[in-house]
Every structure is written in structure tokens, then in C-alpha cells.
Amino acid sequence: MGFKCGIVGLPNVGKSTLFNALTATQAAEAANYPFCTIEPNVGRVAVPDERIDVLAKIASSTKIIPTQLEFVDIAGLVAGASKGEGLGNQFLGHIREVDAIAHVLRCFEDDDITHVAGSVDPIRDMEIIETELMLADLDSIEKRLPMQQKKAKSGDKEAAAEATVMEPVVKALREGKPARTVKFDGEDALILKRLQLLTAKPVMFVCNVSEAEAATGNKYTETVARLAREQGATSVVISAAIEAEVAQLADPAEKQEFLETLGLKDTGLTRVIASGYALLDLVTFFTVGPKEARAWTVHRGAKAPEAAGVIHTDFEKGFIRAETIAYPDYVANKGETGAREAGKLRLEGKEYLTQDGDIFHFRFNV
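None of the values given here were measured: they were computed from a predicted structure.

About the criteria used
Residues numbered from 1 in each chain as written. Predicted model: local features only at pLDDT ≥ 70, side-chain atom pairs only at ≥ 80, totals over all residues. Heavy atoms only, no water. 1 Å grid on protein atoms, 1.4 Å probe; cavity = no way out; pocket = protein on both sides within 12 Å on 5 of 7 lines; lining within 4 Å. Points joined across faces, edges and corners; volume = space filled by probe spheres on them. Helix = DSSP H or I, 4+ residues; strand = E, 2+ residues; numbered from the N terminus. Buried < 20%, exposed > 50% of the residue type's maximum accessible area, 1.4 Å probe, protein only. Core = buried A, V, L, I, M, F, W, Y, C linked by side-chain atoms within 4.5 Å. Contact = heavy atoms within 4.5 Å.

Engineer: For this particular structure, what's the right way to read the layout of surface pockets?
Structural biologist: Which parts of space are left empty comes out when a probe the size of a water molecule is rolled across the atoms. For the largest pocket, the calculated volume is near 1000 Å³. No other element matches helix H6 (residues 186-194), which puts four residues into the lining of the largest pocket.

See below:
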């Protein structure tokens, strides 16, 4: 399953440095965490998860295959993009294809790196991009709403349901608020998703700071953090310059020592990847055996047959049951045999909701 997180930002904010560090890190760690470049601007990166190493050790697995996210380096943004300026429609089209947005904001002062707007102001930079996305959404939804309202008056229940969702969204967009600030539940939330609005996508603000401020942040990152909380978004502080340096270090011990000298426990990229995973509301399940220990990804709330379908469509079509062990039980009982003997292996059916950390063995018939 391809879960995509698009990296956006104005020129000279560190967007490309971040993307290049992501891809360099994954390429350097290819022995344990496979990386591949799908297109020049798309990188598939492993989601850090210590559990898979533990499972592999218990099962003596030959290979370790972590779950992955795709990060897309989206170029072409300038003010006026919603009206076709710059790469305009191409930029907006790329945004529409991703599941979440990582918005890189410049939060550092440096006279040697010219800011496109002449000064450092991450909130202004964020508003430039948000405005373009909101204008594009407003244009799209204002064209569709009257038609749905007309159908609703003639008794079309589906159109009425869509209009009910679109009306408060239009109101919010006209007030300069992104679509994601309008909260829906149940079927209404699904309708909003089907509308494919750019500003309905979950957002993570990535605050790019100087090396000296990577561990502490600064006045700019504090402002961004407040804004993120208000919008129901998340924020992560990184130094793209540090990430670029770390990406060149092949030895894990050397990498950790370098981070510790800067007062950091882990890389900013690790936090970006983990935050992107959480932002998409994903959970991880595992399949474990002597050949490989492998992590898989589904949306929270996915039923067991859907999880099986991630591995192979035949598994979902012919799903019978899922032999299931919770991660703590697998570890505590030193593997599948011990868990089975301890009565910790459960047989789950079609309505079972996949839990983060489940170890599955699917039974199916085709």
C-alpha cells in the first residue's frame, strides 16, 4: 500500500536538503532498511520500529523488512499557484495525490541564504502556501456546491449529504480557514475525504532550524507549535544541515555519538518519519518466520481481512481466520510456540480490528 507524504515549502527553506537527507540516509542503511527511488522526486523510506528487530532475533529471521512510507518532494510553488503561476496546476496535482503534507518552514537566520520574501517569518510562509491551497479548494467546491444543492432539492439523498458537508467547508474557506479545521464524524468524514480537498489533508509542520538550535528550538518554532496545536496539526523541529551530515555517516555508533554531542537523542528524520506515520493514523502488524520478519501497514480500524489483503489479495478474498499474538505476548513467551503453549495465541475472525503490534498468521482458502 502506498502511503504518500508530500514535502512542500517555499524556495530556500531546506525542503530539498531534507528530502535529499531522507533518501541518502535510507540508501546508506540499505542493508537493513531497503530504499528505492521510484521517480527522481519520490523516496520510499523505512519507518523506524525497534519491535521488528526484537521479533527477528526471537525467530532467527534471515531478513528484516520494515514497513515504509513514500516521501514526495513537491516542487513548483509560488504565490499565485492556484491561478496557474509557476508550475501551478502541476504542483496542485501532485499535492492532490498525497495522503498527508509535510510543510517545511524556515526557522533560522542566515545572511548567506536569501529568503524569497526577504525576511524570516515561518507563519507568513505557511500562509502563502495555505492560501494557494485554500483558493484552489474554494474554486473547486464553489463550482460543485450549487449543483449538489439543486439535486438535493429534487430529493437526491446522496447530493443532500454532500451539500451538508460542503456548506460548512465553504464557509471556513471563505474565512481563511483550511478544510481540516471543520470536523466531521462517520459518513460525513468519508464524504469530505471523497471531495479530495487539498486543505483537508493532515499536515505536519517541519521547522528547519540552525545546528545550534536543533535540540532547543527557538522563538520561531514556538510560534509554529502554537499554530499547529490550534489547527490540530503537528510540528517537528529539525536541522536539515545536521541531517545532511548524519546521512553521510555509515557507522551507527559514530552517528549516535555525533548526535549526542549536539544534545540529540535521535535524528530529526526519525521524528519526521514517525510523525508522518502517526499523521496518517496508521498501525503496524507483523508476519514473522525463519525466512523473514516483516512489518506491514494498515489504517487504524482496519479489519483482519483487509490486513490480510495488504499481503496478497487472495488472502483477503479467501480469508478464514487470523492466528493472532500480541507483540508483548510474543516477546514474553519467546516466540510463537511459547505463546501458543501459554494460551496467548488467539483465533480472530472477519470482524477483528487490527491492533498495532499484532503478529498474524493468516488462514485462507481460494
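Engineer: Please clarify how unusual backbone geometry should be interpreted in this entry.
Structural biologist: Negative phi characterises most residues that are not glycine, and trans characterises most peptide bonds. Non-glycine residue Gln196 carries a positive phi angle of around 55°. In this fold, Gln196 is placed in the loop between H6 and strand E7 (203-208). For Asp281, which is not glycine, the phi torsion reads 55° and is therefore positive. Position of Asp281 relative to the elements: it lies in the loop between helix H10 (268-279) and strand E9 (282-288). Residue classification places Asp281 among the partly exposed positions, given a relative accessible area of 37%.

Engineer: Is there a simple way to think about the nonpolar core in this case?
Structural biologist: For soluble globular proteins, nonpolar side chains are generally found buried alongside one another. Counting 58 residues, the largest nonpolar core has Ile7, Leu69, Phe71, Met204, Phe205 and Val206 as the members making the most contacts within it. Those residues in contact with Phe205 that lie beyond four places of it in its chain are His103, Leu105, Met126, Arg180, Val224, Leu227, Ala228, Gln231, Ala233, Thr234, Ser235 and Val236. In terms of nonpolar packing, the next biggest core, distinct from the first, is built from 18 residues, Ile141, Leu145, Ala163 and Val170 among them.

Engineer: What am I meant to see in the environment of Ala100 here?
Structural biologist: Checked against the element boundaries, Ala100 lands in strand E6 (residues 100-106). Residue class for Ala100 comes out buried when judged on its relative accessible area of 0%.

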